[in-house]
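Below, each chain spelled out in residue letters.
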Amino acid sequence: MGVRWEFDVVFTLFLLLGLNILWLAQVCEGGFTSTYVRNGQLSRDMPLDSDVFRVPPGYNAPQQVHITQGDHVGKGVIVSWVTPDEPGSSTVLYWSEKSQLKNSAEGIVLTYKYFNYTSGYIHHCSIYDLEFDTKYYYEVGIGNSTRKFWFRTPPSVGPDVPYTFGLIGDLGQTHDSNRTLTHYELNPVKGQALLFVGDLSYADAYPFHDNTRWDTWGRFVERNAAYQPWIWTAGNHEVDFLPDIGEGKPFKPYKNRYHVPYRASKSTSPLWYSIKRASAYIIVLSSYSAYGIYTPQYKWLEKELLKVNRSETPWLIVIMHCPLYSSYVHHYMEGESMRVMYEQWFVKYKVDVVFAGHVHAYERSERISNIGYNIVNGICTPISDESAPVYITIGDGGNLEGLVTEMTEPQPSYSAYREASFGHGIFEIKNRSHAFYSWHRNQDGYAVEADSTWLHNRYWNPSPEQSSIAIL
Ligand SMILES: [Fe+2]
């Protein structure tokens, strides 16, 4: 009898296993784990003579052009670029499509050395007091080498302003990176600004952190980053800490190349800062800077959260590199100490969504919190919490380290959807009460949403979101 019972159990298990193979996805204890079939090969970096890395023609022509928000409200832009041969000009000429009258702004130029590498001439020019919701053209460079681009400023800050953010993380410069960027560009839902969640070039994967790979990456992303602001977050691949070769100053290449408007939000470091854009208040944090009590980042964030006026900017978004919740095996619990420090604030201030990268895969959580633990009470399990953010890991840009596929099993109940595929995200704010979030994997058509969810703004629309699963 016992043997027959065991046989039945084993047979049933095999049957279930077979069904799982037939199905493309399996539903676990938690949410949804997609078993989408993908190429398991590590992606190679694109060859240096690829067209994506092409040096623009002309003597000392500006290259690696990129823009980011330049003030706190979206009326400013920082234009950055590199001239390879000599300093040239740090002037930006710019004009509105309405006026045609050319204005000029004067920037700064700098260089840095990293071991045996000397950078080109890196220019940063801040333009202020632009008109909202206006297309501007701008020019950098001199004479025959002048290059012209354009951008559109966001609408004035306000609670019902629709606005669409793209999301990319851990991009690198492989063929997969190019696919991710192309999918973002060709998505029929157009991102108006990009939230980049850290790990840019992966130059540190090369001998002596070969900084020429920072240059190639800058040329690769120019086709998008020169036309819409990329909001930068520093990841571990930006630390570039290598004291053995005399490079003991963390974040040196990143800080020289990617300037952000941190002073506008009273931050003392470019590694953490905030901006308002349309109906969103965006807080950028640094996973690799001190964040404990009494540290500059902690003190800044403590004050910063009090400043957010949800009547003006209903959507409160936090971006960082290392996720606070991730159910993948690789990098498991690396964000735990920051979670202990900051999660209670995210719940208290009803942060809508926290975007992170680092884990080279995709995951979206339910609204959960885990803030009841006090060392002795044993309350240390994530629970459903409508005041908590949704946590989204989008470190799936496609860098040379490849995907992480190993997941903790069973899928935790807080994990709503997870999949090890490359892709990008779109966060589409519709009005003060609703936003639509979608994730787009590179293997699909440009319009396909591989995962999506509506987010209800808890400040303006306190009714709970529909949840597809029961939370423990
Ligand atoms: Fe990372």
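Residues numbered from 1 in each chain as written. Predicted model: local features only at pLDDT ≥ 70, side-chain atom pairs only at ≥ 80, totals over all residues. Heavy atoms only, no water.

### Overview of the overall build of the chain
Note the cut-off: Put simply, DSSP marks the helices as runs of H or I at least four residues long and the strands as runs of E at least two long, and each gets a number from the N terminus on. To sort residues, take the accessible area from a 1.4 Å probe on protein chains only and compare it with the maximum for the residue type: under 20% means buried, over 50% means exposed, and anything in between is partly exposed. Note on areas: these come from Shrake-Rupley sampling with a 1.4 Å probe, and a residue is covered only by the protein chains present in the view.
A tally of regular secondary structure across the chain gives six helices and 27 strands. Dimensions of the chain along its principal axes, counting C-alpha atoms only, are 90 × 50 × 45 Å. Relative to its 472 residues, the chain shows a buried fraction of 58%. Surface summary for the chain: the accessible area is close to 20,000 Å², and the carbon and sulfur share equals 57%.

### Some remarks on the UniProt feature "domain: Fibronectin type-III" (unreviewed entry) in the chain
Heads up, the rule is: UniProt positions are given in the numbering used here, feature names are shortened, and annotations may be inferred rather than shown by experiment.
On the UniProt side, "domain: Fibronectin type-III" (unreviewed entry) is annotated at positions that read residues 61-156 here. For residues 61-156, the end-to-end C-alpha separation is 34 Å, with 0% helix and 52% strand making up the annotated structure.

### Remarks on the coordination of the iron ion
Spelled out, the test is: Distances up to 2.8 Å from the metal define which N, O and S atoms are donors, and 3.2 Å serves for Na, K and Ca; water is absent from the atom set, so sites may look incomplete. A four-donor site is classed as tetrahedral when every donor-metal-donor angle falls between 85 and 135 degrees; four donors are called square planar, and six octahedral, when trans pairs exceed 155 degrees and all remaining angles lie between 65 and 115, with any other arrangement labelled irregular.
Every protein donor of the iron ion is accounted for by D199 (OD), N236 (OD1), H321 (NE2) and H358 (ND1), and the metal-donor separations fall at 2.1 to 2.2 Å. Around the iron ion sit four donor atoms, and with donor-metal-donor angles ranging over 88 to 172 degrees the site reads as irregular.

### A closer look at the pattern of salt bridges
Formally: The salt bridge definition used is simple: a Lys or Arg side-chain nitrogen within 4 Å of an Asp or Glu carboxyl oxygen.
Across all of its chains, the model carries 21 salt bridges by this definition. Residue E222 is joined to R147 by a salt bridge in which the shortest nitrogen-to-oxygen separation is 2.7 Å. With E222 in helix α3 (residues 212-225) and R147 in strand β12 (residues 147-152), the pair connects residues that are 75 residues apart, well separated along the chain. The exposure class assigned to E222 is buried, which follows from its relative accessible area of 10%. Among the salt bridges present, the one from E185 reaches R223, with a minimum N-O distance of 3.0 Å.

### So, the environment of K348
Note that K348 resides in helix α6 (residues 336-348). Among the residues examined, K348 registers a relative accessible area of 59% and is labelled exposed. Considering only alpha carbons, one finds K348 and S413, 65 residues apart in sequence, at a separation of 22 Å.

### Things to note about the nonpolar core
Convention followed: Residues belong to one nonpolar core when they are buried, are Ala, Val, Leu, Ile, Met, Phe, Trp, Tyr or Cys, and are joined through side-chain atoms within 4.5 Å. In this analysis, two residues are considered to be in contact whenever any of their non-hydrogen atoms come within 4.5 Å of each other.
Judged by nonpolar contacts, the single largest core of 90 residues is most densely connected at W217, W230, W232, F346, F355, F427 and Y437. Non-local contacts of W230, meaning those with residues more than four positions away in its chain, are made with I67, T68, L171, L181, L194, F196, W217, V221, N224 and A225. Ranked by size, the runner-up nonpolar core spans 17 residues in total, among them I67, V77, A105 and L130.

### Let's talk about the packing of helix α5 (residues 296-307) against α6
What counts here: Convention adopted: a line fitted to C-alpha atoms gives each axis, helices being fitted over their contacting stretch, and angles between N-to-C directions are expressed from 0 to 180 degrees. Angle categories are assigned with fixed cut-offs, so that under 35 degrees is roughly parallel, over 145 is roughly antiparallel, 65 to 115 is roughly perpendicular, and the rest are oblique. Polar here means any residue outside two lists: the nonpolar Ala, Val, Leu, Ile, Met, Phe, Trp, Tyr, Cys and Pro, and the charged Asp, Glu, Lys and Arg; Gly therefore counts as polar.
Viewed as axis vectors pointing N to C, α5 and α6 meet at an angle of 5 degrees, and their least axial separation amounts to 11 Å. What the angle tells us is that α5 and α6 run roughly parallel. Seen from α5, the contacting residues are Q297, Y298, L301, E302 and L305; seen from α6, they are M341, Y342 and W345. Class assignment for the residues of the contact of α5 with α6 results in six nonpolar, one polar and one charged.

### A short note on α6
Put simply, the rule reads: In a helix, the anticipated span is given by 1.5 Å times the number of residues less one. Note that the bend at a residue is defined as the angle between axes fitted to the seven residues ending at it and the seven residues starting at it.
With 13 residues, α6 extends 18 Å from end C-alpha to end C-alpha; this agrees with the ideal 18 Å at 1.5 Å per step. Along α6, the sharpest change in direction is near 50 degrees and occurs at Y342. Turning to α6, its buried residues number three or more, namely M338, R339, Y342, E343, W345, F346 and V347. Residues of α6 that are buried make contact with α5, β18 (315-319), β19 (353-356), β21 (368-369) and β23 (390-394). One or two residues past the end of α6 sits K350, with phi positive at roughly 50 degrees.

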